[in-house]
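# Geometric and topological summary
Spelled out, the chains give:
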Amino acid sequence: MRASKTVRSQKEIHISGAEGLYEASDIQRTVKSYIERALRHPKGQADKITLTIENIKQSPEEISALPVSTIDCRSPSEGLEIANTLLQSLGISKKAVGTAFELIKKGAMRGAAIITAKKGRRLEPDKERGVRVSRLGIKKTALRSLSSKLSRSGINTDTVKEAIILASKVAAYPAVSAELCISDDPDYITGYVASKELGYLRIPNIKCQKSKSGGRAFFVKEGTDVQELINYLERVPAIIGKITLSKG
Ligand code: WAQ
Ligand code: MG
């Protein structure tokens with residue numbers, strides 16, 4: 001689903017997007033919830049909603065969910081410092097982190113930027129749109145287990161679950177070193193750093209309330225074949241089958 005709104009300058013701005021792998025019997029329910037999301041969005045009401053429903057014949061790759069932890073963080077400046085420290089410990093250069101912070105501050109992208117870990121170069125062909133991860137999901141048994149684990153920490157929401165699914169698909173790709181995400185929703189101020197090594201690390205209060213900046217960056221090894229990576233992110237179906245223990 002993708003939802004947008006045309007503003008005064010006749011510019012179409014991105015309101016919300018969502019994607020997932022579902023069983024055919026879940027189509028009606030899923031479409032209804034996606035439409036509700038587009039019409040009741042904190043970024044404003046959409047005036048155009050595009051839905052694509054595709055029959056995926058290829059059987060999905062099974063991946064496991066990244067383990068989830070939440071870091072203590074009280075302010076945006078502390079949050080950015082934590083994200084910076086984590087990313088640099090994962091081998092991402094200062095320059096690459098800087099590139100990501102800059103585009104997240106600007107906001108307005110519909111997808112994610114792909115940034116090389118050392119030189120900080122952006123690889124995605126459409127820099128305004130970014131790359132949208134799609135064809136991702138979670139098996140029903142795994143979803144039940146994830147929901148009950150997240151409930152114990154009071155964070156069992158669609159936002160958290162969708163972010164964990166996305167981060168798990170992205171991290172499963174060998175050339176991806178890390179991801180940084182900050183929501184562009186004005187009322188959602190928790191972000192995360194995700195990686196195979198450290199799992200899914202939530203950072204509360206990483207941005208100010210009411211701020212519309214936000215975005216995603218995938219940091220990749222120098223020399224990554226970007227076409228292959230984009231094909232994986234956009235087109236290869238991947239589904240979470242197992243939940244790893246959360247770290248608290
Ligand atoms: N593929 C690539 N980039 C995406 C996708 C996608 N499928 N969906 C969103 N983005 C990018 C896009 O630039 C958005 O502006 C930005 O990410 C933020 O998207 O543990 O809600 O849907 O508490 O606003 C993370 C924290 C919440 C969850 C993330 O992101 C937690 C969130 P949003
Ligand atoms: Mg959003």
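Given the structure is predicted, the values throughout are model-derived calculations rather than measurements. (Residues numbered from 1 in each chain as written. Chains lettered and ligands numbered in written order. Predicted model: local features only at pLDDT ≥ 70, side-chain atom pairs only at ≥ 80, totals over all residues. Heavy atoms only, no water.)

## Focus on the domain arrangement of the protein
Where we set the bar: All the domain ranges listed were derived from an automatic or database domain assignment. Pairs of residues are marked as contacts when any of their non-hydrogen atoms sit within 4.5 Å. Two parts placed together each lose some accessible area under a 1.4 Å probe, and adding up what both lose gives the buried area.
What the domain assignment reports for the protein is domain 1 (2–50) and domain 2 (61–242). Of note, the centres of domain 1 and domain 2, computed from C-alpha atoms alone, are 21 Å apart. Tallying the contact residues gives 13 residues for domain 1 and 16 residues for domain 2. Among the residues of domain 1 in contact with domain 2, Glu19, Leu21 and Lys43 are the three that bury the most area, contributing 46% of the side total.

## Some details on the pairing of strand β6 (residues 112–116)
Cut-off, in case you're wondering: Only protein chains enter the accessibility calculation, which uses a 1.4 Å probe; a residue whose area is less than 20% of its type maximum is buried, one above 50% is exposed, and one in between is partly exposed. Strands here are runs of E lasting at least two residues and helices are runs of H or I lasting at least four, both read from the DSSP assignment and numbered beginning at the N terminus. Two strands form a pair only when DSSP identifies at least two bridges running between them.
Most of β6 sits inside the fold, with 5 of its 5 residues counted as buried. Neither face of β6 is left uncovered, since the one carrying Ala112, Ile114 and Thr116 and the one carrying Ala113 and Ile115 both have all their residues buried. Bridge count between β6 and strand β11 (residues 215–220): 5 bridges; the pairing is parallel. Counterpart to Ala112 in the pairing with β11 is Arg216.

## Observations regarding the side chain of Lys161
What counts, and what does not: His is not counted, nor are the chain ends, whereas Lys and Arg count as positive and Asp and Glu as negative. Here, a salt bridge means any Lys or Arg side-chain nitrogen found within 4 Å of an Asp or Glu carboxyl oxygen.
With respect to the helices and strands, the residue Lys161 is situated in helix α5 (residues 158–171). It is Asp158 that comes nearest to the buried, bridge-free Lys161 among opposite-charge side chains, at 4.4 Å.

## Points about the layout of surface pockets
Defined as follows: Whether a set of points on the 1 Å grid over the protein atoms alone is a cavity depends on a 1.4 Å probe fitting there but being unable to get out, while an open set qualifies as a pocket with protein on both sides within 12 Å along at least five of seven lines; lining residues are those with an atom within 4 Å of a point. Grid points are joined across faces, edges and corners, and a volume is the space filled by probe spheres set on the points. Charged residues are taken to be Asp, Glu, Lys and Arg, nonpolar residues to be Ala, Val, Leu, Ile, Met, Phe, Trp, Tyr, Cys and Pro, and polar residues to be all remaining types, Gly included.
Counted as a void, the second largest pocket has a volume near 560 Å³. Along the wall of the second largest pocket there are 20 residues; nearest its centre are Lys11, Ala108, Met109, Arg110 and Glu128. Elements represented by at least two residues in the lining of the second largest pocket include exactly β1 (2–6), β2 (12–17) and α3 (94–106). Looking at the lining of the second largest pocket residue by residue, the class counts come to 5 nonpolar, 3 polar and 12 charged.

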